[in-house]
Every structure is written in structure tokens, then in C-alpha cells.
Amino acid sequence: MRMRKKAWARPELAHCPYFISDPEQWKGRWAEWFTEKKPIHLELGCGKGVFLAQLAPLHPEVCYIGVDQSPDVLGVARRNLEDAYGKLEKTVHNVALMAHYIEDMPKVLEKKDQVERIYINFCNPWPKVRHHKRRMTHPNQLDLYKPFLADGAQLHFKTDDDDLYVSTLRYLEEGGFTILRSTQNLHAQEDWVESPSTEHEQMFTAQGIPIKAIIALWQTNK
């Protein structure tokens, strides 16, 4: 569902120190923008920032980049981040937000940036076969991420969609990734790695829909 336009979102983002209006100029230099060389984790399709707002304040040792194409939804993400950090009496210091098309991420990141983790949470399943190449985990899309992934990087994926889950297992293997873990019922896994609930995850769980999840490894030297 497309979010209604929010008149306040763009003005607030314009004054937000961690909203990057021209991210392409930082390609290969993200350690400079963050002012510290720390692991970079990337959430593609971060939406309202519910996931990042739970994760980033607790991990100052990681730099997070949240990407969504809609400035309106990023305006909500900014407010959610401010609220989460404010409750801990902290300021947002390890997050960058950008409005960008995901298929254009190679214009923003490169090998020097060494992204160590990608999160893809509840992306559009594009159920029609003729649209499968648009899926964010399709091998064609995975090829876009590889140029900026560090050796040993991980891809963390969650979905409510059965077909997308099964297809993504295949896509990742076809794309040269190694499946480390997968489950058709995430909330039944007591030892799963830290993975805060997203807004969609909360909605689907309330409807009784099991959440599927995958963790995959990217190694350039196998």
C-alpha cells in the first residue's frame, strides 16, 4: 500500500543531519561520512524505520544505512528513530537515511565501502511469473549487491510469502550464496539471531501467518 503524501516529511528531512540528499557523492567514502570505520549494515526498503529504530540504538558499533524510494515514508522513519534514541537519551549518530531506487545502489556503494550485512524485510513478492525479475532477491538483483559486499557478508531475509521464500532459497544458491539458516516459522526459533519485528511482521503475525526467514553468506573466495 502506498503511503499518502505527507507535507511535513520533506521539510523535516531537509533539516535532518542523517538524511543524505546526494548519496552518490559518498560512493567509496561512507566511512568518512560516518566519521568512523565500522561495519556497515544496509536495510533495503526500510519503510517507516521500525526495524532500524529497534536495532540501531542498541548497536553503536555498527553503521546503518536505511534506503527507501519514498521521502514520505522516510519522514516517518526519521521520527521513529528520533523517538527510539530519545528514549535512551541518545542522539542518532550511526544511521544514514536516503531516498533512492534500490536498483541504483551500485551508484551509491562500491567495494571500498565493504557492506557486511544486507537486510531485506517483507519486500514485494511480485507473484506473477512475468514480474519475478523485479523481486529483490532475484539473481539479477543479487548481482547488483555483490560489487559492494565484503567477503563473508550476510544477507538476512524475512517474508510472509511462501512462494517468495522457496524461490529465494533457490535464487540465493543460484547467485552463489551459501544458505546458513532458514526457517518457515521464525517465531518458533528460540536461537535465531537478533531480528526485531517490522511493522509488516507484526501485522502478519497477528493474522496467524508464519514468518519465513533466511540467512545467507556471500564469499568471494570459496
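Check the entry above for the structure.
Residues numbered from 1 in each chain as written. Predicted model: local features only at pLDDT ≥ 70, side-chain atom pairs only at ≥ 80, totals over all residues. Heavy atoms only, no water.

Asks: Hey, could you run me through the overall build of the chain in this one?
Replies: When you go through the chain residue by residue, the secondary structure sums to 7 helices and 7 strands. In the chain, the succession of helices and strands from N to C terminus is α-α-β-α-β-α-β-β-α-β-α-β-α-β. Here the chain has a C-alpha radius of gyration of 17 Å; the compact-globule value for 222 residues is 17 Å, and the two agree. Buried positions account for 49% of the 222 residues belonging to the chain. Intrachain contacts of the chain at a sequence separation of at least 6 include 77% that bridge at least 24 residues. If you sum the accessible surface of the chain, you get close to 11,300 Å²; carbon and sulfur atoms cover 49% of it. Separation between the mean location of the 29 positive side-chain charges and that of the 30 negative ones in the chain comes to 5 Å. (Helix = DSSP H or I, 4+ residues; strand = E, 2+ residues; numbered from the N terminus. Rg over C-alpha atoms; globule rule 2.2 N^0.38 Å. Buried < 20%, exposed > 50% of the residue type's maximum accessible area, 1.4 Å probe, protein only. Contact = heavy atoms within 4.5 Å. Areas by Shrake-Rupley, 256 points an atom, 1.4 Å probe, with all protein chains shown as cover. Lys, Arg positive; Asp, Glu negative; His and termini not counted. Charge placed at Lys NZ, Arg CZ, Asp CG, Glu CD.)

Asks: Where do I start with the side chain of H59 in this structure?
Replies: With respect to the helices, strands and loops of the structure, H59 is situated in the loop between α3 (50–55) and β2 (63–68). On the basis of relative accessibility, which here comes to 19%, the residue H59 falls in the buried class. If sequence neighbours within four positions are ignored, H59 has contacts with Y64, N94 and E194.

Asks: Explain empty space enclosed by the protein to me, please; I cannot follow it from the model alone.
Replies: With a probe scaled to a water molecule rolled over the atoms, the places where space remains empty come into view. Summed over the entire model, instances satisfying the criterion amount to 1 cavity of 30 Å³ or more. Empty space within the largest cavity amounts to approximately 50 Å³. Elements represented by at least two residues in the lining of the largest cavity include exactly β4 (115–121), β5 (149–159) and β7 (212–218). Class assignment of the residues belonging to the lining of the largest cavity gives a composition of 6 nonpolar, 3 polar and 1 charged. (1 Å grid on protein atoms, 1.4 Å probe; cavity = no way out; pocket = protein on both sides within 12 Å on 5 of 7 lines; lining within 4 Å. Points joined across faces, edges and corners; volume = space filled by probe spheres on them. Nonpolar A, V, L, I, M, F, W, Y, C, P; charged D, E, K, R; others polar.)

Asks: What's the story with the sheet that holds β4 in this structure? I'm lost.
Replies: Each strand in a sheet pairs with its neighbour through backbone hydrogen bonds, running either in the same direction (parallel) or in the opposite one (antiparallel). What the 7 strands build is an open sheet, ordered β3-β2-β1-β4-β5-β7-β6; its pairing is mixed. With one partner strand each, in any of the chains shown, β3 (95–99) and β6 (178–183) form the two edges of the open sheet. Strand-to-strand twist across the sheet, computed as the mean angle between neighbouring axes with direction ignored, equals 15°. With 7 bridges joining them, β5 and β7 adopt antiparallel strand pairing. (Pairing = 2+ DSSP bridges. Axes fitted to C-alpha atoms, helices over the stretch in contact; angles between N-to-C directions.)

Asks: In this structure, what is going on with the side chain of T183? I would like to understand it.
Replies: Mapped onto the secondary structure, T183 falls in strand β6. From its side chain, T183 meets the backbone nitrogen of N185 in a polar contact 3.0 Å long. Not counting chain neighbours up to four residues away, the residues in contact with T183 comprise Y165, Q189, W192, I211, K212 and A213. (Polar contact = N/O pair within 3.5 Å; in protein donor to acceptor, adjacent residues only side chain to side chain.)

Asks: Would you explain helix α7 (residues 199–206) in this entry?
Replies: Along an α-helix, residues three or four apart share an orientation, since each turn contains 3.6 residues. Structurally, the start of α7 carries an N-cap: the backbone nitrogen of H200 is 3.4 Å from a side-chain oxygen of T198. Note on α7: the residue one or two positions beyond its end, G208, has a positive phi of about 80°.

Asks: What exactly am I supposed to notice about the packing of aromatic side chains here?
Replies: The way to describe two aromatic rings as a pair is by their centre distance and the angle between their planes. Across all of its chains, the model carries 7 aromatic pairs by this definition. Their ring planes at 45° and their centres at 6.3 Å tell us that W30 and F34 sit as a pair that is tilted. Residue W30 and its partner F34 are both found in helix α2 (residues 30–34); the two are separated by 4 residues, about one turn of the helix. Assessed through its relative accessible area of 0%, W30 is described here as buried. Under the relative-accessibility criterion, F34 is labelled buried at 6%. Three or more aromatic residues joined by ring pairs make a cluster, and in this case those are W30, W33 and F34. Across from the ring centre of W8, 3.6 Å away, lies the NZ or CZ of R79, which sits over that ring. (Phe/Tyr/Trp six-rings, centres within 6.5 Å; stacked < 30°, edge-to-face > 60°. Lys NZ or Arg CZ within 6 Å of the ring centre and 35° of its normal.)

Asks: Help me out: how do you make sense of the pairing of β3 in this one?
Replies: On a regular strand, one side chain projects to one face of the sheet and the next to the other, so that they alternate. Counting buried positions along β3 yields 4 of 5 residues, so the element is predominantly enclosed. Alignment of β2 against β3, held across 5 bridges, turns out to be parallel. When the bridges of β3 are listed, I65 appears paired with A96. In this fold, the crossover linking β2 to β3 by way of helix α4 (residues 71–87) has right-handed handedness. (Right-handed = clockwise from strand over helix to strand, strands pointing away.)

Asks: Explanation requested: the nonpolar core in the structure shown.
Replies: In globular proteins that are soluble, nonpolar side chains generally tend to be buried together. Of all hydrophobic cores here, the largest spans 58 residues; its most connected members are W30, L42, L44, I65, M105 and I118. A total of 6 residues in this core trace back to one element, the largest contributor, which is α4. The residues touching L42, leaving out its near neighbours within four places in the chain, are I65, V67, M105, L109, V115, R117, I118, Y119 and F148. The next biggest cluster of nonpolar side chains, apart from the first, holds 7 residues, and it includes W192, F204, A213 and I215. (Core = buried A, V, L, I, M, F, W, Y, C linked by side-chain atoms within 4.5 Å.)

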